[in-house]
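Single-letter residue listing:
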Amino acid sequence: MKYLHLVLIIVIFLLISCNNSDFTEKMPLGYEFIFEGGNQNRLLKDNNLVIDSGLVDCKYNKYYIVVSVDTTFSDNPQKMPKSRLKYLIQNIKKDTVLNKISFSDLQKLIKRDKSLQDIDITK
């Protein structure tokens, strides 16, 4: 019986500690970045899934939302080389659909377009 109590306490501690790292970040236009760790990160718009899994990072300013996505189904997408990730960009002002952009094109856009100066998705 003593061991059952100990196991129960350990299980409760693990369940509580696992949920502490999860967070949700609300963004413009009803977008939400849900970070659960590993390949379980998601992007929603108005409570509808836009990206189901593999979301690595999400940055935004008043003009754009830029997300990086691992499409290899890795268990640890945050450790993937940035050049192997897929990048999507959303124009907030026009509320256009997310469009694919390559890593090199994203870097050029950040250097060229001053409205992306504060977005550093290349960390």
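About the criteria used
- Residues numbered from 1 in each chain as written.
- Predicted model: local features only at pLDDT ≥ 70, side-chain atom pairs only at ≥ 80, totals over all residues.
- Heavy atoms only, no water.
- Pairing = 2+ DSSP bridges.
- Helix = DSSP H or I, 4+ residues; strand = E, 2+ residues; numbered from the N terminus.
- pLDDT = per-residue confidence, 0-100.
- Axes fitted to C-alpha atoms, helices over the stretch in contact; angles between N-to-C directions.
- Salt bridge = Lys/Arg side-chain N within 4 Å of Asp/Glu carboxyl O.
- Buried < 20%, exposed > 50% of the residue type's maximum accessible area, 1.4 Å probe, protein only.

Quick question: what am I supposed to make of the pairing of strand β4 (residues 48–51) here?
Two faces belong to every sheet, and in a regular strand the side chains alternate between them. The pairing of strand β3 (residues 42–45) with β4 spans 3 bridges and is antiparallel. Opposite Lys45, over in β4, you have Asn48 as the bridge partner. Hairpin connection between β3 and β4: a loop of 2 residues separates the two successive antiparallel strands, and Asp46 in this loop has a positive phi of roughly 50°.

Please clarify how unusual backbone geometry should be interpreted in this entry.
Backbone geometry follows two general trends: most residues other than glycine have a negative phi, and most peptide bonds adopt the trans configuration. Positive phi, normally seen in glycine, also occurs at Asp46, with a value near 50°. Structurally, Asp46 can be placed in the loop between β3 and β4. One non-glycine residue, Asn47, adopts positive backbone phi at about 65°. If you trace the backbone, Asn47 turns up in the loop between β3 and β4.

Looking at this model, I keep getting lost on the confidence of the model for the protein. Mind explaining?
Close inspection of predicted coordinates is inappropriate for parts of the model with low pLDDT. For the protein, the average pLDDT comes to 76, and 73% of its residues sit at 70 or higher. Per-element confidence in the protein is highest for strand β2 (residues 31–35), whose mean pLDDT is 89, and lowest for helix α1 (residues 2–19), whose mean pLDDT is 58.

Explanation requested: the sheet that holds β2 in the structure shown.
Two modes of strand pairing occur in sheets, parallel and antiparallel, and in both the strands are linked by backbone hydrogen bonds. Taken together, the 4 strands give an open sheet; going across it, the order is β1-β2-β3-β4, and neighbouring strands pair in antiparallel fashion. Only two strands of the sheet have a single neighbouring strand rather than two, namely β1 (23–26) and β4. Averaged over all neighbouring strand pairs, the angle between strand axes comes to 30°, with direction disregarded. Of the strand pairs in this sheet, β2 and β3 are connected by 4 bridges, and their pairing is antiparallel. Note on β3: the bridge partner recorded for Phe33 is Leu43.

Even after reading the chapter, I still don't get the sheet that holds strand β5 (residues 55–60), so can you show me in this structure?
Strands sit in the order β5-β6-β7-β8 across an open sheet of 4 strands; the sheet is antiparallel. Two strands lie at the open edges of the sheet, namely β5 and β8 (99–101), each paired on one side alone. For this sheet, the mean angle separating the axes of adjacent strands, direction not counted, is 25°. Pairing of β5 with strand β6 (residues 64–69) involves 5 bridges; the strand directions are antiparallel. Each bridged residue has a counterpart across the sheet, and for Tyr60 the counterpart in β6 is Ile65.

What am I meant to see in the pattern of salt bridges here?
Enumeration according to the criterion identifies 3 salt bridges in this entry. Residue Arg42 is joined to Glu36 by a salt bridge in which the shortest nitrogen-to-oxygen separation is 3.4 Å. A salt bridge links Asp52 to Arg42; the shortest N-O distance between them is 3.7 Å. Residue Asp52 is located in the loop between β4 and β5, and its partner Arg42 is located in strand β3; the two are separated by 10 residues in the primary sequence. Residue Asp52 is classed as partly exposed on the basis of its relative accessible area of 45%. Its relative accessible area of 18% is what places Arg42 among the buried residues.

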